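Structure assessment
Each chain is listed here by its residues.
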Amino acid sequence: QVQLVESGGGLVQAGGSLRLSCRASGGTFSSYTMGWFRQAPGKGREFVARITGSGGTTVYADSVKGRFTISRDNAKNTVFLQMNSLKPEDTAVYYCAATFLTPIPSNYPYWGQGTRVTVSS
């Protein structure tokens, strides 16, 4: 069983930056693809970014490409999401998730509790 705990959310002005962290416990962290998802008020959960176990491959949603960077430190069992040039539409609860399966959104069995990000205009 994998437990995930996110941190780093908060209130930031448009154009600002935040760095989210997600620490994992249980399982072999380097064997999991890690993903970040978000859910804005009144909307469904959407994919943001993912990174393979080795960190060699990253994938981003078009809406965050060029502004967000996902990375991981396998020695610290932690995945990060650096968010720059934030926009009000980035306001959401951000979740990290882990999978050892094909990393389509429905194949992530492990989820964190979420951290709230609010971007003011």
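Residues numbered from 1 in each chain as written. Predicted model: local features only at pLDDT ≥ 70, side-chain atom pairs only at ≥ 80, totals over all residues. Heavy atoms only, no water.

Tracing the backbone through its elements, the reader meets Thr33 in strand S4 (residues 33-39). In contact with Thr33, not counting residues within four places along its chain, are Arg50, Ile51, Thr52, Gly53, Arg72, Ala97, Ala98, Thr99, Pro103 and Tyr108. (Helix = DSSP H or I, 4+ residues; strand = E, 2+ residues; numbered from the N terminus. Contact = heavy atoms within 4.5 Å.)

Across all of its chains, the model carries seven aromatic pairs by this definition. On the basis of an interplanar angle of 70 degrees and a centroid distance of 6.0 Å, the ring pair of Tyr32 and Phe100 is categorised as edge-to-face. Highlighted residues: Tyr32 in the loop between strand S3 (18-25) and S4 and Phe100 in the loop between strand S9 (92-99) and strand S10 (110-111), separated in sequence by 68 residues. Here the aromatic cluster, defined as three or more aromatic residues joined through ring pairs, consists of Phe37, Phe47, Tyr108 and Trp111. Above the ring of Trp111, the side-chain terminus of Arg45 is found at 3.8 Å from the ring centroid. Between the NZ or CZ atom of Arg72 and the centre of the ring of Phe29, over which it lies, the distance is 4.3 Å. (Phe/Tyr/Trp six-rings, centres within 6.5 Å; stacked < 30°, edge-to-face > 60°. Lys NZ or Arg CZ within 6 Å of the ring centre and 35° of its normal.)

Attention shifts here to the pairing of strand S11 (residues 115-120). Side-chain alternation along S11 places Thr115, Val117 and Val119 on a buried face and Arg116, Thr118 and Ser120 on a face that remains uncovered. In this structure, strand S2 (residues 10-13) lies alongside S11, joined through four bridges in parallel fashion. The residue of S11 that forms the bridge with Gly10 is Val117. One ladder, built from three bridges, connects S9 with S11; its direction is antiparallel. Its bridge partner lying in S11, Val93 is registered against Arg116. (Buried < 20%, exposed > 50% of the residue type's maximum accessible area, 1.4 Å probe, protein only. Pairing = 2+ DSSP bridges.)

With that settled, consider the side chain of Asp90. Among the structural elements, Asp90 can be located in the loop between strand S8 (78-83) and S9. Residue class for Asp90 comes out buried when judged on its relative accessible area of 0%. At 2.9 Å, the side chain of Asp90 forms a polar contact with the side chain of Arg38. The residues contacting Asp90, other than those within four sequence positions of it, are Arg38, Arg67, Phe68, Ser85, Val117 and Val119. (Polar contact = N/O pair within 3.5 Å; in protein donor to acceptor, adjacent residues only side chain to side chain.)

Next up on the list: the nonpolar core. Nonpolar side chains in soluble globular proteins tend to end up buried together. In terms of nonpolar packing, the biggest core is built from 30 residues, with Leu4, Met34, Trp36, Leu81, Met83 and Tyr94 touching the most fellow members. When residues of this core are traced back to their parent elements, those giving at least two are S3, S4, strand S5 (45-51), strand S7 (68-73), S8, S9 and S11. In this structure Tyr94 touches Glu6, Leu20, Trp36, Phe37, Arg38, Val48, Phe68, Leu81, Met83, Gly114, Thr115 and Val117, once residues within four positions along its chain are discounted. (Core = buried A, V, L, I, M, F, W, Y, C linked by side-chain atoms within 4.5 Å.)

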